[in-house]
Amino acid sequence: MNLSLTSTITMPEHKLRREVVELCHQTGKPLLKLSTKDYLEHGMRHWVEQFGSAGLVNIEVFNELQRTITGWPGGKPNADDTFRPERALPFPKRVVVFSPHPDDDVISMGGTIRRLLQQGHEVHIAYETSGDIAVNDEEVTRFMHFINGFNKLFANDSDAVIGRTYQLVKQFIQEKERAELDAYGDNRYLHPTQKDSVMADIPEVLTLKGLIRRGEARLACSYNHIPSECIHFLDLPFYESGTIEKLPMTERDVYPIQELIARIRPHQIYVAADLADPHGTHRKCTDAVLAAIDEEKRLHAEWLDDCRVWMYRGAWAEWDIADIEMCVPMSPEELREKRNAILKHQSQMESAPFLGNDERLFWQRAEDRNRDTARRYDELGLACYEAMEAFVEYHF
């Protein structure tokens, strides 16, 4: 089994599209207003000569980009799919969305998930890691207060409900707070991924943090009308180091994914391809999914013949406009629904890890990124939408 880390994702060539889109950026013109003079002045005479005129080059690229836009990410039934990103049949499709953390699904493609569900597809969400590292101790304390109150109200203060574990966790959190106060002072409330923990969490605390994130993920799925039997928590072992530094990926991380896709036999797989994730979780999750697909391919699994893999990006980066092969538009109302699903992940709302001086929260990054994608299509002279989610097909 090949477990080598992915250093990059091979992009489709789209040479004509790439050069002409860049010409639009250089001239500040939309596609259909590029002139022969523009092509000649930027060393692109060969395209004009090949197509016969600048106008024909413009139309060719305009049509290419126009065909990436679809309101039917699972394919439109009873429609000619010759120039659509996704095939019409089979319909409905079985879909698996792999989410590295318990919120990447709604952050990265929440609008597309809702569209797939509304159009009758069977959508499964597979959360690859517990996400426990990214939960603040204050969240644990808040839930502990709830548990204690619940115990007093409904269990007559009996230790049978919480017992030793409650006291153990309470004592550990207090000790950790004192240690972080000494180490970080007022900065002790930074997001867990923004500081080195002075005390590694004990297993009981990590379990509670993972439980918090599971509950939030279930709540977001419920908001999107995803049934509980279609929610899968894989808890891949590489993540469970208890620290920001993760363990090496092994076959134990691949087998749960392989078992899931072999059982569901999806027609579509959505996988994160956000290699800019600063802590490497997305990269390893991507590698694990692709390794599972490769293993199924080695076993000559017939279901792969009717499966397509779509790559999305998350909070850290977006696809180049020339690479996008499917773009799903959202209305203002649909963008608001996506935000509402993201907000179900309350433990991630107060602060978020950031690159450089970017202090936006995840829902803000997602909206800005989706609006920017729509703006770039608009600047090229295509339809103007409120926001768009973009995908690139992975060929295995």
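Here is what the cut-offs are and how they apply
- Residues numbered from 1 in each chain as written.
- Predicted model: local features only at pLDDT ≥ 70, side-chain atom pairs only at ≥ 80, totals over all residues.
- Heavy atoms only, no water.
- Helix = DSSP H or I, 4+ residues; strand = E, 2+ residues; numbered from the N terminus.
- Buried < 20%, exposed > 50% of the residue type's maximum accessible area, 1.4 Å probe, protein only.
- Contact = heavy atoms within 4.5 Å.
- Areas by Shrake-Rupley, 256 points an atom, 1.4 Å probe, with all protein chains shown as cover.
- Core = buried A, V, L, I, M, F, W, Y, C linked by side-chain atoms within 4.5 Å.
- Phe/Tyr/Trp six-rings, centres within 6.5 Å; stacked < 30°, edge-to-face > 60°.
- Lys NZ or Arg CZ within 6 Å of the ring centre and 35° of its normal.
- Polar contact = N/O pair within 3.5 Å; in protein donor to acceptor, adjacent residues only side chain to side chain.

Colleague: Let's hear about the overall build of the protein chain: which residues, and what values?
Modeller: Check the secondary structure of the protein chain and you find twelve helices and seven strands. When burial is assessed residue by residue, the protein chain has 51% of its 396 residues classed as buried. Across the protein chain, contacts joining residues at least 24 apart in sequence account for 76% of those joining residues at least 6 apart. Accessible surface for the protein chain amounts to roughly 18,100 Å². Of this, 51% is attributable to carbon and sulfur atoms.

Colleague: Pulling in residues and values, what's your account of the nonpolar core?
Modeller: Soluble, globular proteins show a tendency: their nonpolar side chains are buried together. Val20, Leu31, Tyr39 and Phe98 are the most contacted members of the largest nonpolar core, which has 59 residues in total. Counting residues per element, this core draws most heavily on helix 10 (residues 281–298), which supplies seven residues. In this view, Val20 contacts Leu31, Leu34, Tyr39, Met44, Val57 and Val61; residues no more than four positions away in its chain are not counted. With 22 residues, the next largest nonpolar core counts Val95, Ile226, Phe233 and Met326 among its residues.

Colleague: Talk me through the packing of aromatic side chains; I want residue IDs and the actual numbers.
Modeller: Applying the stated rule across the entire model yields four aromatic pairs. Ring geometry for Tyr127 and Phe233: centres 5.3 Å apart, planes at 20°, overall stacked. With Tyr127 in strand 2 (residues 122–127) and Phe233 in strand 3 (residues 231–233), this residue pair connects regions lying 106 residues apart in the sequence. The pair Tyr127 / Phe233 is uniform in exposure class, with both members buried. Note on Tyr270 and Phe391: the rings are 5.4 Å apart at their centroids and 70° apart in plane angle, and the pair reads as edge-to-face. Here Tyr270, found in strand 4 (residues 268–272), pairs with Phe391, found in strand 7 (residues 387–394); they are 121 residues apart in sequence, far enough to count as distant. Summarising the burial analysis for this pair, Tyr270 and Phe391 share the class buried. Directly above the aromatic system of Phe83 lies the positively charged group of Arg67, at a separation of 3.9 Å from the ring centroid.

Colleague: Which residues make up the environment of Asp132, and what are the values?
Modeller: Among the structural elements, Asp132 can be located in the loop between strand 2 and helix 6 (137–154). Residue class for Asp132 comes out buried when judged on its relative accessible area of 2%. The spacing of Asp132 and Asp201 is 69 residues in sequence and 10.0 Å in space, taken between C-alpha atoms. Look past the residues within four positions of Asp132 in its chain and what remains in contact with it is Leu206, Lys209, Gly210, Arg213, Tyr239 and Glu240. Engagement of the side chain of Asp132 in a polar contact is seen with the side chain of Ser130, the distance being 3.1 Å.

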